[in-house]
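Each chain is listed here by its residues.
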Amino acid sequence: MKTSSMSQEEHIYLHALRSLPLFGDKSLRKVITAFGSAKDAWLAKEYPSSLALTPKPRESFVHRHTHVPSPEATFEKLCADGTRLLTIHDALYPRLLKEIPDHPYFLYVRGHFDWESLNHRPAIAIVGSRKFTAYGEQVALRLAYDLTQAGCIVVSGLAFGIDKKAHTGALDAKGATLAVLGGGIDDPSIAPRSNYHLAQNILPEGALVSEHPPGTTILPAYFALRNRIIAGICHGTLVIEAAEGSGSLITATLALDYNREVFAIPGSIFSPTSSGTHMLLKHGAKLVTHARDILEEIAPEKISVTKNVPQKKRDLSGLSPQVQKIYQALSHEPVHINTLAKSTGISIGEAQSALTLLELQGFARNIGAMQYIATPL
């Protein structure tokens, strides 16, 4: 990946400054404005009266040489981990992100994503509840898959729930996906830890992205910062499931503030996880039932692609007629094993054996309380 048009020396001092305790993007901008460059700020002998840092960042800056004894060694360690910087002076810095008023001065990125492509391909954020339903899971996987097949870049936050399914759907389609993290992008900092292997699967074609240096632990205040990057880097944001007050609604609100498209998936009127998406729909978000609904707004030239995507079919030829019969009785809606047995005329014991085999094949999933769904194709 190309680095910035800014010198590597300036990168070294940018990373050193950002690595200071409680020294965020706003503090970084203030010192660069005051001194003219990160290098001059780091090497400065005096603290100018015009530099209006709040107490804790000010203390970090005054004692910067104690906190980071060797900027060169710190930067060398960063690069050894495969992490690079994209600054606002870099041609590869995301064009859409640079347009928002509160864009980060630079991003830490890790992975093999083609950053040039982001300025020429539609990007869509897919976000939603951590406590998703079986319906939400299938929608996230299906739409992320179809949008990726159509040439879009799927962006999400590598969180529990819908985020994870969005990344998974994009990877299933053999595409690149961007995961914007609320903490550091180094292996020890990735959270939740259950998504560590998903993060590793993203790296070959996609990227992990953060404005925070490696080693940063996620704090509640960082989620809103992460959400602005997700909304800002994309042409539109799709909310699949969200309760009222959800962080996903914050991302959608930010997308509106940045003059980006907002999309929402309708759900059951009885489901708390759909109350937020229904509120978005009432306030003008576009209702989505198919990837084409999104492409019409952000990339109409891609619509024909979704029509040509071959419909995947499950190969059931190796399964017994009885197992196939149980599978055909499944859908995206949860169904209890007793109902399956009754509707197919198969005993509960035989139905249980068939469902176990279908689960092993990845064709079905027990979502709890002996209720089953067919897994998304």
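Cut-offs used in this document
- Residues numbered from 1 in each chain as written.
- Predicted model: local features only at pLDDT ≥ 70, side-chain atom pairs only at ≥ 80, totals over all residues.
- Heavy atoms only, no water.
- Pairing = 2+ DSSP bridges.
- Helix = DSSP H or I, 4+ residues; strand = E, 2+ residues; numbered from the N terminus.
- Contact = heavy atoms within 4.5 Å.
- Axes fitted to C-alpha atoms, helices over the stretch in contact; angles between N-to-C directions.
- Buried < 20%, exposed > 50% of the residue type's maximum accessible area, 1.4 Å probe, protein only.

Enquirer: Looking at this model, I keep getting lost on the sheet that holds strand E3 (residues 123-127). Mind explaining?
Expert: Adjacent strands of a sheet form backbone hydrogen bonds with each other and so pair up, either parallel or antiparallel. Strands sit in the order E1-E2-E6-E5-E4-E3-E7-E8-E9 across an open sheet of nine strands; the sheet is mixed. One side of each edge strand has no neighbouring strand; the edge strands of this open sheet are strand E1 (83-87) and strand E9 (286-287). Relative to strand E5 (residues 177-180), helix H11 (residues 220-232) is tilted by about 155°, and along the sheet it contacts strand E2 (106-111), E3, strand E4 (153-156), E5 and strand E7 (236-239). Helix H14 (residues 291-298) rests against E3, E7, strand E8 (261-264) and E9 of the sheet, and its axis sits at about 170° to E8.

Enquirer: Explain helix H12 (residues 247-257) to me, please; I cannot follow it from the model alone.
Expert: What sets the pattern is the α-helix's 3.6 residues per turn: residues three or four places apart point alike. Three or more residues of H12 are buried, namely Ser248, Leu249, Thr251, Ala252, Leu254 and Ala255. Each element contacted by the buried residues of H12 is listed here: E3, H11, E7, E8 and helix H13 (275-282).

Enquirer: What is the right way to look at unusual backbone geometry in this model?
Expert: Peptide bonds are mostly trans, and most non-glycine residues show a negative phi. The amide bond that connects Ala191 to the next residue, Pro192, takes the cis arrangement and shows omega of 0°. Examined against the element boundaries, Pro192 turns out to sit in the loop between E5 and helix H10 (196-202). Backbone geometry places Ala369, a non-glycine residue, at a positive phi of 60°. Exposure remark for Ala369: the relative accessible area of 61% places this residue in the exposed category. The phi angle at Met370 is positive, at roughly 60°, despite the residue not being glycine. Structurally, the position occupied by Met370 is in the loop between strand E11 (364-368) and strand E12 (371-374).

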